[in-house]
Amino acid sequence: VQLVESGGGLVQPGGSLRLSCVASGFTFSSYVMRWYRQGPGKERELIAFISSGGGTTNYPDSVKGRFTISRDNGKNTVYLQMNSLKPEDTAMYYCNTYLRMTNYWGQGTQVTVSS
């Protein structure tokens, strides 16, 4: 199983970024995918969930209305569209899946929101 994130960077407050996570080594279309983030000195936080078919998504209040998770099962890719970014969104962002009783993580992509 391999998860490779990309799309992070430095953005001004109010800006947008789209993160991507390309998956391999498993039947992507059969599994739930999640995005997590971990800010400086903070615990890792679940910020987005999407069902295997993409029909169900869920977000915590901290990002609801600003972030959108989506997936393209034909491309084995999950996305996180982030709008109206705030300095408190600064974190390392990870995609995640759970299969065969194991959590799998990508290497992460850094998002920094600063003027």
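Coordinates for the structure precede this section.
Quick notes on the rules
- Residues numbered from 1 in each chain as written.
- Predicted model: local features only at pLDDT ≥ 70, side-chain atom pairs only at ≥ 80, totals over all residues.
- Heavy atoms only, no water.
- Disulfide = S-S within 2.5 Å.
- Helix = DSSP H or I, 4+ residues; strand = E, 2+ residues; numbered from the N terminus.
- Buried < 20%, exposed > 50% of the residue type's maximum accessible area, 1.4 Å probe, protein only.
- Salt bridge = Lys/Arg side-chain N within 4 Å of Asp/Glu carboxyl O.

Novice: Outline the state of the cysteines, supporting the account with residue identities and numerical values.
Specialist: Evaluation of the coordinates by the stated rule reveals 1 disulfide. Linked covalently through their sulfurs, Cys21 and Cys95 form a disulfide whose S-S length is 1.9 Å. In this structure the cystine formed by Cys21 and Cys95 twists about its S-S bond by roughly 45°; its chirality is therefore right-handed. Highlighted residues: Cys21 in strand S3 (residues 17-24) and Cys95 in strand S9 (residues 91-99), separated in sequence by 74 residues. What makes Cys21 buried here is its relative accessible area of 0%. Of the residues examined, Cys95 reaches a relative accessible area of 0% and is grouped as buried.

Novice: Break down the pattern of salt bridges for me, with residues and values.
Specialist: Under the defined criterion, the tally for this structure stands at 4 salt bridges. The salt bridge involving Glu45 is made with Arg37; its shortest N-O contact spans 2.9 Å. The exposure class assigned to Arg37 is buried, which follows from its relative accessible area of 7%. A salt bridge links Arg37 to Asp89, with the shortest nitrogen-to-oxygen separation between them at 2.8 Å. Here the residue Arg37 occupies a position in strand S4 (residues 33-38), and Asp89 occupies one in the loop between strand S8 (77-82) and S9, the gap between them amounting to 52 residues. Comparing Arg37 with Asp89 shows no difference in burial state: the two are buried. Taken together, the salt bridges that share partners define one network made up of Arg37, Glu45, Arg66 and Asp89.

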